[in-house]
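# Structural features, examined
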Amino acid sequence: MDPHRPVPRSVAAAPVQLFRTRAGDLVRIRPFAPEEAERLGEHVAGLSPASRRNRFLGGLAQLTPAAALRLIGHPDGPVTGLAVERLDDGAPLLVGEGVLALDAHGANAELALSVADPWQGRGIGRSILASIGLRAAAAGARHLTGELLHTNHRMRALAQAAGFAVASHRQDARLLAITRPLDHCPGREALGLAA
Ligand SMILES: CC(C)(COP(=O)(O)OP(=O)(O)OC[C@H]1O[C@@H](n2cnc3c(N)ncnc32)[C@H](O)[C@@H]1OP(=O)(O)O)[C@@H](O)C(=O)NCCC(=O)NCCS
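Now for a quick tour of the structure. Just so it is clear, the structure is predicted and the values come from calculations on it, not from any experiment.

## Focus: the overall build of the chain
In terms of regular secondary structure, the chain is built from six helices and eight strands. Contacts in the chain between residues far apart in sequence, at least 24 positions, make up 65% of those at least 6 positions apart.

## A word on the site of the ligand
The environment of the ligand is formed by 22 residues, the closest being Asn 54, Gln 120, Gly 125, Arg 126 and Leu 158. Listed by contribution, the elements that provide at least two residues to the shell around the ligand are helix H2 (49–55), strand E5 (108–115), helix H4 (124–138) and helix H5 (153–161). For the shell around the ligand, the element with the most residues is H5, which contributes six residues. Class assignment for the residues of the shell around the ligand results in nine nonpolar, nine polar and four charged.

## Points about the sheet that holds strand E4 (residues 93–102)
One key point about sheets: their strands pair by backbone hydrogen bonds, in either a parallel or an antiparallel sense. Strand order in the open sheet formed by eight strands is E1-E2-E3-E4-E5-E6-E8-E7, and the pairing between neighbours is mixed. This sheet does not close on itself; its edge strands, each paired only once, are strand E1 (17–20) and strand E7 (165–168). When the angles between neighbouring strand axes are averaged without regard to direction, this sheet yields 25 degrees. In this structure, E1 lies alongside strand E2 (residues 26–31), joined through four bridges in antiparallel fashion. Pairing of Gln 17 across the sheet is with Ile 29, part of E2. Relative to E7, H5 is tilted by about 135 degrees, and along the sheet it contacts strand E6 (143–149), E7 and strand E8 (175–181).

## A closer look at the packing of helix H1 (residues 37–46) against helix H3 (residues 65–72)
Where H1 contacts H3, the axes come no closer than 9 Å and their chain directions differ by 100 degrees. Between H1 and H3, the crossing angle belongs to the class labelled roughly perpendicular. Of the residues in H3, those in contact with Ala 37, Leu 40 and Gly 41 of H1 are Pro 65, Ala 68, Leu 69, Leu 71 and Ile 72. Of the residues assigned to the contact of H1 with H3, the class counts are seven nonpolar, one polar and no charged.

## Concerning unusual backbone geometry
At Leu 57, a residue that is not glycine, the phi angle is positive and equals roughly 55 degrees. You can see Leu 57 is positioned in the loop between H2 and H3. Accessibility expressed as a C-beta count within 10 Å gives 15 for Leu 57, which makes it partly exposed.

## Thoughts on H4
Along its 15 residues, H4 runs 21 Å from first to last C-alpha, staying within 8% of the 21 Å computed at 1.5 Å per residue. With 13 of 15 residues buried, H4 lies mostly within the body of the structure.

Cut-off values and rules
Residues numbered from 1 in each chain as written. Predicted model: local features only at pLDDT ≥ 70, side-chain atom pairs only at ≥ 80, totals over all residues. Helix = DSSP H or I, 4+ residues; strand = E, 2+ residues; numbered from the N terminus. Contact = placed C-beta atoms within 7 Å. Near = placed C-beta within 6 Å. Nonpolar A, V, L, I, M, F, W, Y, C, P; charged D, E, K, R; others polar. Pairing = 2+ DSSP bridges. Axes fitted to C-alpha atoms, helices over the stretch in contact; angles between N-to-C directions. Parallel < 35°, antiparallel > 145°, perpendicular 65-115°, else oblique. Buried ≥ 20, exposed ≤ 12 C-beta atoms within 10 Å, placed from the backbone. Expected span 1.5 Å × (residues − 1).

Have a look at this one:
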């Protein structure tokens, strides 16, 4: 495959991923559909105040329908919102979400994620992070970046375990910046994209 051939952004949204948590739950990660904005809003409203503050870096009380749609994005656009569902019994239960946003050149992808409080600590956040990295690499991004509150020790530990470098944020003293190169992301090789 020609490594210089542009990769369609929709690649970032394509695969559906299934995994089992440490506790044995079957979990699916897939792109949100636009009609799921209300569902995403309910997930955010259901987060504890501390988790919501960590997810939205301090400021958000409630996700408006328009903001939910922005997070859901579009398969052909720069933003891909990911629904993370537990499948084991009954209707799929939304237990988390993730977002990756490609910059204008597609070289950098920014991430954000959250896991519903009762489902934290089971390996779901780690899997969302891996899924975002795989999708960003498949779409051709070279770097994956994110921002977190200084006080968010859990996300900091998760990011460091996943190979991110952590640094002070250039513009906001409340924040840390995380970054990880994607050049050697296994997803690139798996998808035939290694340059
Ligand atoms: C941060 C967050 C996404 C982590 O998700 P999670 O499902 O709880 O994380 P995991 O179970 O996959 O844990 C992965 C790693 O995180 C770290 N971690 C998990 N719980 C931790 C805790 N209580 N204290 C410190 N580190 C912890 C560990 O390194 C862990 O590795 P291990 O599995 O080998 O123990 C989740 O806590 C969350 O949704 N927080 C609110 C929103 C947020 O902070 N988003 C990030 C900013 S955008």
